[in-house]
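Tertiary structure, described
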Amino acid sequence: MGSSSPPPPPPPVQIDHLLSQFPITPKPDPDGPIPAQTPVPVAARSALMLALTPELCDVLHRELAPSPDDDPFFARCLRQSQLRLEALAASLRPPSSSSSAAPLARVPPPPPSLPPQQELQVRLPQEPGAGSGSNPSSSKKRARAATEVVRATHLSPADHLRYRALVRRARLTFEALRSSYQRQETSSGLRNRHDLRASSQMLAAGHWLHRDVRIVGDIPGVLVGDAFYYRAEICVVGLHTAPQAGIGYIPASLLDEGHPVATSIVSSGGYLDDEDTGDVLVYTGSGGRQRHRLDHHANQTLERGNLALHNSYLYGVEVRVIRGHDIDHGPHRKVYVYDGLYRVISSTFGPGKSGHDVCKFKLVRLPGQDDLASKTWHTAKLLKESMDARIRPPRYISLDLSKGAEVLRVPVCNKLDDDRSPLLFEYIVHPEFPVPPAHEPVKQHRGCHCATGCGSKCRCERKNGGGPLYTEDETLVMGRPVVYECGALCGCPVTCVNRVTQRGMKHRLEVFRSNETGWGVRALDLIQPGAFVCEYTGHVVVMDDQPGSALMEGRSIIDPRRFPERWREWGDASAVEPNMKRRQFTKLAGPGYVLDVSHKRNVACYISHSCTPNVFLQFVLRGNEDESFPHLMVFAMETIPPMRELSIDYGIDGEIMELMGS
């Protein structure tokens, strides 16, 4: 961040807040709001302002420290007055030293239970839903019985993979439930929060992650940059605690000291006093604002989440930051991104831009983490703008690997060495399946006669066992052994919802050189879960009586039958919702061919292998195509953010993949 002049000192704090008089009769509700206080006469207020100094504020700050024996309401009032004193002392210091001065002497807290230097070993939780039985109410009670506060440390690579798989499984279940509930609402005409309904069902079934513990710091299996379309999904994976709350915190009852501590915040820039430069975030506390309004209509109070975030400042507890971003496309034009861990370095209370008192917390990002999503997304945006202007960025060896064959350009980037091997292959968009010999009868299947668009009565749709293939936003509803799309003999237009894969790529991809995977593929756009990504293609080799060893000799072969059936995981919520049992599909013989990518290939051939993939392979047939020659279509298994590498399960765990010769 560039140098700049010191910020102007904050406006003076009203003395009315400093000299609060604490009513003790009748005793107020300890959990209720702090009532309005009696104003101090103007003369007394002016005299006190002349006598106050930063040093005197420090003394008063220490004198106002609550003791363990104080009444809860009285102690909360004391803490709120201390916070106002900090803001007042900051306003009295000279501007030249206000930005670098040491903070006020804090209330001497009891030995914190979460000091930064102490690492609590996390115990591996059981599988979600394990041992929950069949009674949702009992699992819900157990889900709320978190009594242990931990920090995940010293995880082995195997632990990371296991947790990543748990997170992926939870997200798949959430999306399957949410999508099913949304379709029910559409058909019934009712309006409901299908995302909240899905998360509630998972909570009742014991499928929220880490509900038996409260985790401080990073959540195992969640990566910096992971994107989510729904706040409820953030809670399902353990990043946050409540879908509608901006501050997630550990209640005081779970900590020995009896003080709540914040562990996560969701920042969407919804408050007038919020400031965000990426690595530094000024976050306004909760309360005092009407929904869909930026300005405050009432004073905020130092309680609940605000108090917990203030205690995180006192104790030095790191906080997970999730940012909400507005987007042009998506279920509700919003996406939430995990941006890593931040430290609260200041906590102040005083008049905000709307004139009402607000809690303001300044957070600074901890070093040593992956790049911010805002930075990587901006990089992707600049790259796309360069592609559109036909300007080749540095270290890009091609602006379009497909040479115009794909709907969207496929750039190639190599910032590591001088390897240009992707340019040596012939790019092929679609596989060239063999035409049956003239003496063999061709199975003729009549196409549908849906002139305007296909629906529940479509002949092609009925071949899939009933129910829609794709949603209105063109995402796959459920994985199947084979998806039957409309074909050349059908009367429906190319815009038909059952022709999603025939319209080509909708999301920009980039081939890039990587230290970890050789050549890989990453997204330049935000890809929605269930969205079609691309087709996997190469030279088609028919599996007649030719032995496998003869096929492999001197060739790079992709065998479609080796891909694990990851399609079974997409759209499956049977583990949570018993009424959503997976349909029984007719087992097919499988493809009768392999792909030789030694000389002909496309962008999909550079997708790397992973046992926790973010894309999967789905067989697709169009119209009257031969069932021995299905298309190999790649779909997204989760929300894929820009600049995230694509990975697929080739079914070769423990083997060395040498398909690309790199």
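Residues numbered from 1 in each chain as written. Predicted model: local features only at pLDDT ≥ 70, side-chain atom pairs only at ≥ 80, totals over all residues. Heavy atoms only, no water.

**As for the sheet that holds strand E16 (residues 518-523)**
Sheets are built from strands that pair by backbone hydrogen bonding, the pairs being arranged parallel or antiparallel. The criterion, for reference: Whether two strands pair comes down to DSSP finding at least two bridges between them. The secondary structure listing takes helices from DSSP runs of H or I that are at least 4 residues long and strands from runs of E that are at least 2 residues long, numbered from the N terminus.
Overall, mixed pairing links the four strands, which are arranged E11-E12-E15-E16 in an open sheet. Looking at which strands have only one partner, the edges of the open sheet turn out to be strand E11 (396-398) and E16. The sheet contact formed by E11 and strand E12 (residues 412-413) spans two bridges and is antiparallel. Residue pairing in the sheet places Tyr 396 in a bridge with Cys 413 of E12.

**Considering the state of the cysteines**
For the record, the criterion: Disulfides are defined as cysteine sulfur pairs within 2.5 Å.
All chains considered together, the criterion is met by zero disulfides. Free cysteine Cys 450: the closest other cysteine sulfur is in Cys 454, separated by 3.7 Å. Among the cysteines around Cys 458, which has no disulfide bond, Cys 454 carries the closest sulfur, lying 3.4 Å off.

**Some thoughts on helix H8 (residues 194-204)**
Quick reminder of the rule: Remark: exposure states derive from per-residue accessible area (1.4 Å probe, protein chains only) relative to the maximum for the residue type, with buried under 20%, exposed over 50%, and partly exposed in between.
Of all 11 residues making up H8, eight are buried, and the element is well covered by its neighbours. Considered for burial, the residues of H8 that qualify are His 194, Asp 195, Leu 196, Ala 198, Ser 199, Met 202, Leu 203 and Ala 204. After H8 finishes, the residue Gly 206 shows a positive phi value of roughly 75°.

**Brief notes about the sheet that holds strand E14 (residues 483-485)**
Here is the rule we go by: In this description, a line fitted to the C-alpha atoms serves as the axis of each element, helices being fitted only across the stretch in contact, and the angle between N-to-C directions of two axes falls anywhere from 0 to 180 degrees.
Spatially, E14-E22-E23-E17 is the arrangement adopted by the four strands of the open sheet, whose pairing is mixed. What marks the edges here is a single partner per strand, and that holds for E14 and strand E17 (532-536). Neighbour-to-neighbour, the strand axes of this sheet turn through a mean angle of 40°, independent of strand direction. Pairing of E17 with strand E23 (residues 631-636) involves four bridges; the strand directions are antiparallel. Looking across to E23, one finds that Phe 532 is bridged to Phe 635.

**What to know about the side chain of Arg 508**
Keep this limit in mind: Pairing of N or O atoms within 3.5 Å defines a polar contact, subject to two protein rules: one partner must be a possible hydrogen donor and the other a possible acceptor, and residues neighboring in sequence count only if both atoms are side-chain atoms. The contact criterion used throughout is that any non-hydrogen atoms of two residues lie within 4.5 Å.
Within the fold, Arg 508 resides in the loop between E14 and strand E15 (509-514). Of the polar contacts made by the side chain of Arg 508, one reaches the side chain of Asp 388; its length is 2.9 Å. Those residues in contact with Arg 508 that sit more than four places away from it in its chain are Lys 384, Met 387, Asp 388, Leu 408, Arg 522, Ala 523, Leu 524 and Asp 525.

**What to know about the pairing of strand E10 (residues 357-365)**
In this sheet, E10 lies alongside strand E7 (residues 280-284) in antiparallel orientation, the contact comprising five bridges. In the sheet register, Val 282 faces E10, and the bridge partner there is Lys 362. Pairing analysis gives nine bridges linking strand E9 (residues 334-351) to E10, with the strands arranged antiparallel. What sits directly across from Ser 346, in E10, is Lys 362. Hairpin connection, E9 to E10: the antiparallel pair is bridged by five residues, and Gly 355 has positive phi, about 95°.

**Let's talk about the environment of Ser 374**
With respect to the element layout, Ser 374 can be found in helix H11 (residues 373-388). The exposure class assigned to Ser 374 is partly exposed, which follows from its relative accessible area of 35%. For the pair Ser 374 and Gly 278, spaced 96 residues apart in sequence, the C-alpha to C-alpha distance is 7.5 Å.

**Some thoughts on unusual backbone geometry**
Although it is not a glycine, His 154 sits at a positive phi angle of roughly 55°. When you line up the elements, His 154 lands in the loop between strand E1 (148-150) and helix H7 (157-188). The backbone of Arg 390 sits at a positive phi, close to 55°, despite the residue not being glycine. In this structure, Arg 390 sits in the loop between H11 and E11. According to the relative accessible area criterion, Arg 390 is exposed, its value standing at 61%.

**Overview of the packing of aromatic side chains**
Here is the rule: What counts as a ring pair is set by centres within 6.5 Å for rings of Phe, Tyr and Trp (its six-membered ring), and what kind of pair is set by the plane angle: stacked under 30 degrees, edge-to-face over 60, tilted for all other angles. Charge-over-ring contacts are defined here by two conditions on Lys NZ or Arg CZ: a distance within 6 Å of the ring centre and an angle within 35 degrees of the ring normal.
Inspection of every chain in the model, using the stated rule, returns 11 aromatic pairs. Judged by centre distance (6.5 Å) and plane angle (25°), the ring pair of Tyr 470 and Phe 635 falls under stacked. Residue Tyr 470 is found in the loop between helix H12 (459-462) and E14, and its partner Phe 635 is found in strand E23; the two are separated by 165 residues along the sequence. There is no split in this pair, since Tyr 470 and Phe 635 are both buried. The rings of Tyr 470, Phe 532, Trp 570, Phe 616 and Phe 635 are connected pair by pair, giving a single aromatic cluster. For Arg 197, the ring lying beneath its charged end belongs to Tyr 181, and the centroid distance is 3.9 Å.

Any link to function would need more than the numbers given here.
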